[in-house]
Amino acid sequence: MTIICLSFLISGIFLALSNNLRETARVLAENMTISFFLDRTTSPQTTAALLRDVAQPPFIESVRFVRPEEAMEKFQASFPDLRDILVNLKANPFPPSIEARVRSKSASAAELVRFVQTMKTRPGVSDVQFNQDWVEKMQGFSRLARAVGVFLGGILILASFFIISNVIKLNVMARRNEIEILRLVGATNLFIRIPFWLEGIVLGLLGSLLSLGLLFIITKVFPLYLGSSLGALEQLLSFRYPDWRQALGLLAAGAATGFMGSATSVSKFLKN
Amino acid sequence: MIELFHVWKQYQKPFWALSDVTLQIRAGDFYFVTGPSGSGKTTLLKIIFRELLPTEGQILIDGVNALKIPESKIWRLRRQMGIVFQDFRLMFHRSVSENVAVPLQVTGVNRKEIRRRVFNTLQKVNLHQKMWEFPGRLSYGEQQRVAIARAIVNNPEIILADEPTGNLDPELAFEIVSLFKEINRQGTTVIIGSHDRELIRHFGDNIIFLQKGRIVGKEGR
């Protein structure tokens, strides 16, 4: 049962990691904004035209003009420690800007890049900043974590399949006399198979249940153990416990592995 | 009725375990199949209960071609039969009553009925007082009686016994064959494979003599 438990535990760990990355990517995507910094000398007409043009693409949810004073207030609120530096400055260093919020999942990276590059060449726009890269990277990591999980988990689940199959085979061999007697007194193959199937299913279920328990402990203990030593990586490397659908999926996979392992070994024996 | 037509069986070339065996055993008959070791007694019995398939020939059990029954449906044939072996083939981790109950459990008989029939059958073989014992604690004669009880508990039409007295002393052997006689008197066809001449002389109504896989003689009353 240890190997069954380990197989599902490894799949579960990658699932938990992938869940976290996906969630981080989702939060980032929801907050994805593009800031178009304008020249201080930009006329109100040009600003209005830019506002209109930025709002035009269907993937832009909303646009907002941010005055330099507003930007400074926002900065002071976000970084109170740096408030004194700003007080000593004679002029407001923040340029006016247009903040555009992107609809999550509605634009492809290529579309956004094209849009940003077009806008960058417009008179009055001095610089553009957006966090598309991060979202893309996060989604990529999430997919990678899941793929690694599926790959490693798949190999280990295959190993558990053979292990369950061999455990049942040994059991079948140990009970071959009993099976022989059952066949001689007229037992159907189904009658003989069912106890072995149940044994396989119970083995698989217990293994995956144990792995869910261990995973729960890992997701709780891991952050406590590492504390804040991971720094910025903590957000990326923390685990999100599988939701009930994923947990049920792992249990079902355990039961299915157990069932298939036992079914193949009993079938082979009965055919012989 | 058990009918064999020109049955041949070969395990390994060039030896024939059975050669051109043709015989008819009517319902309710009591038969001994005898012959020296390696004459084909066990092979013949195994072919009748479809543990083995013949190399050639046909077998009809109650008019049904036994060779046409698919592997997955052999249980239908086996439920018509009770089989007893020289080595008893009991489940030693189960009690006497649990061993006898097995043929009824596999046919889906309810628990109450199983209890009643197991007790009645154990009474017939005079083992009802040891129904909770485990076979390992019984004598060979008692173990064989448990095997017989298991073979008759579901009232089969045919009993096949392969050397059922091979491990028993002469007194016990007589007792066991008397039991088969009693079962036969109630209408069950009984075929016993044995090389015990004394027993055959005493109980043999119908005898088939086998030698090197061939029927070399038949006696019948």
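Reading the values: the criteria
- Residues numbered from 1 in each chain as written.
- Chains lettered and ligands numbered in written order.
- Predicted model: local features only at pLDDT ≥ 70, side-chain atom pairs only at ≥ 80, totals over all residues.
- Heavy atoms only, no water.
- Helix = DSSP H or I, 4+ residues; strand = E, 2+ residues; numbered from the N terminus.
- Buried < 20%, exposed > 50% of the residue type's maximum accessible area, 1.4 Å probe, protein only.
- Contact = heavy atoms within 4.5 Å.
- Areas by Shrake-Rupley, 256 points an atom, 1.4 Å probe, with all protein chains shown as cover.
- 1 Å grid on protein atoms, 1.4 Å probe; cavity = no way out; pocket = protein on both sides within 12 Å on 5 of 7 lines; lining within 4 Å.
- Points joined across faces, edges and corners; volume = space filled by probe spheres on them.
- Nonpolar A, V, L, I, M, F, W, Y, C, P; charged D, E, K, R; others polar.
- Core = buried A, V, L, I, M, F, W, Y, C linked by side-chain atoms within 4.5 Å.
- Axes fitted to C-alpha atoms, helices over the stretch in contact; angles between N-to-C directions.
- Parallel < 35°, antiparallel > 145°, perpendicular 65-115°, else oblique.
- Left-handed = near helix turned anticlockwise from the far one by under 90°.
- Expected span 1.5 Å × (residues − 1).
- Phe/Tyr/Trp six-rings, centres within 6.5 Å; stacked < 30°, edge-to-face > 60°.
- Lys NZ or Arg CZ within 6 Å of the ring centre and 35° of its normal.

## Here we look at the overall build of chain A
Working step 1: Helices and strands together make up the secondary structure of chain A, namely 10 helices and four strands.
Working step 2: Every one of the 272 residues in chain A was classed for burial, and the buried ones make up 37%.
Working step 3: When contacts within chain A are restricted to residue pairs at least 6 apart in sequence, those whose partners lie at least 24 apart make up 85%.
Working step 4: In the structure as shown, chain A presents an accessible area of about 15,400 Å², 64% of it carried by carbon and sulfur atoms.

## A look at empty space enclosed by the protein
Working step 1: Following the criterion strictly, the structure yields two cavities of 30 Å³ or more and no others.
Working step 2: For the largest cavity, the calculated volume is near 100 Å³.
Working step 3: Every residue lining the largest cavity is listed: Ile181, Leu184 and Val185 of chain A together with Met81, Gly82, Ile83, Phe85, Pro103, Arg150, Ala151 and Asn154 of chain B.
Working step 4: The element best represented in the lining of the largest cavity is strand 6 (residues 81-85) of chain B, accounting for four residues.
Working step 5: Partitioned by chemical class, the residues of the lining of the largest cavity number eight nonpolar, two polar and one charged.

## Topic: the layout of surface pockets
All names here are of chain A.
Working step 1: Taken as a whole, the largest pocket holds about 410 Å³ of empty space.
Working step 2: Around the largest pocket, the lining is made up of 16 residues, and of these Ser35, Phe37, Lys74, Glu99 and Gln129 lie nearest the centre.
Working step 3: Broken down by secondary-structure element, the contributors of at least two residues to the lining of the largest pocket are strand 1 (33-38), helix 3 (68-78), strand 3 (97-102) and strand 4 (125-130).
Working step 4: Here the lining of the largest pocket gets four residues from one element, more than from any other, and that element is helix 3.

## Brief notes about the nonpolar core
Residues and elements named next belong to chain B.
Working step 1: If you look at the biggest cluster of nonpolar residues, it comprises 38 residues, and the most contacted ones within it are Phe32, Leu122, Ile148, Phe180 and Ile192.
Working step 2: Those elements giving two or more residues to this core turn out to be strand 3 (30-34), helix 3 (96-106), helix 4 (111-124), helix 5 (140-152), strand 7 (158-162), helix 6 (170-185), strand 8 (189-193) and helix 7 (197-203).
Working step 3: The residues touching Ile192, leaving out its near neighbours within four places in the chain, are Phe30, Tyr31, Phe32, Val33, Ala161, Pro164, Val177 and Phe180.
Working step 4: With 30 residues, the next largest nonpolar core counts Leu18, Tyr31, Ile74 and Ile158 among its residues.

## A short note on the packing of helix 5 of chain B against helix 6 of chain B
Residue and element names in this part refer to chain B.
Working step 1: Closest axis-to-axis distance for the helix 5/helix 6 pair is 10 Å, and the angle between their directions is 15°. In terms of orientation, helix 5 lies roughly parallel with respect to helix 6. Here helix 5 runs over helix 6; the crossing is right-handed. Contact with helix 5, carried on its side by Gly141, Gln144, Arg145, Ile148 and Ile152, involves Leu172, Glu175, Ile176, Leu179, Phe180 and Ile183 of helix 6 and no other residues of that element.
Working step 2: Residue classes in the contact of helix 5 with helix 6 are distributed as seven nonpolar, two polar and two charged.

## Side note on helix 5 of chain B
Working step 1: The terminal C-alpha atoms of helix 5 of chain B, which comprises 13 residues, lie 18 Å apart, in line with the 18 Å expected from a rise of 1.5 Å per residue.
Working step 2: Here helix 5 of chain B lies mainly inside the structure; 12 of its 13 residues are buried.
Working step 3: Within helix 5 of chain B, burial applies to Gly141, Glu142, Gln143, Gln144, Arg145, Val146, Ala147, Ile148, Ala149, Arg150, Ala151 and Ile152 of chain B.
Working step 4: In this structure, the buried side of helix 5 of chain B is in contact with helix 7 (176-184) of chain A together with strand 6, helix 3, helix 4, strand 7 and helix 6 of chain B.

## A closer look at unusual backbone geometry
Residue and element names in this part refer to chain B.
Working step 1: The linkage connecting Lys13 with the following residue, Pro14, adopts the cis geometry, with an omega of 5°.
Working step 2: Looking at where Pro14 falls in the secondary structure, it is placed in the loop between strand 1 (2-9) and strand 2 (18-25).
Working step 3: Positive phi is not limited to glycine here, since Arg89 has a value of about 50°.
Working step 4: Here Arg89 lies in the loop between strand 6 and helix 3.
Working step 5: Looking at Arg89, the relative accessible area reads 27%, which means it is partly exposed.
Working step 6: The phi torsion at Lys212 lies on the positive side, around 45°, for a residue other than glycine.
Working step 7: Note on placement: Lys212 falls in the loop between strand 9 (206-211) and strand 10 (214-219).

## Side note on the packing of aromatic side chains
Working step 1: Inspection of the entire model under this criterion finds nine aromatic pairs over all chains.
Working step 2: Each ring, one from Trp8 of chain B and one from Trp16 of chain B, has its centre 5.1 Å from the other, and the planes form 75°; the classification is edge-to-face.
Working step 3: When the ring of Phe174 of chain B is compared with that of Phe203 of chain B, the centres are 5.5 Å apart and the planes differ by 55°; the resulting orientation is tilted. Linking Phe174 of chain B in helix 6 with Phe203 of chain B in helix 7, this pair joins segments that are 29 residues apart in sequence.
Working step 4: Take Phe174 of chain B: its relative accessible area is 24%, and that puts it in the partly exposed class.
Working step 5: By relative accessible area, which is 8% here, Phe203 of chain B ends up buried.
Working step 6: An aromatic cluster of at least three residues, connected via ring pairs, comprises Phe36, Phe59 and Phe115 of chain A.
Working step 7: Just above the ring of Phe85 of chain B sits the side chain of Arg89 of chain B; from NZ or CZ to the centre is 3.9 Å.
Working step 8: One residue, Lys181 of chain B, lies across the ring of Phe30 of chain B, its end atom 4.3 Å from the ring centre.

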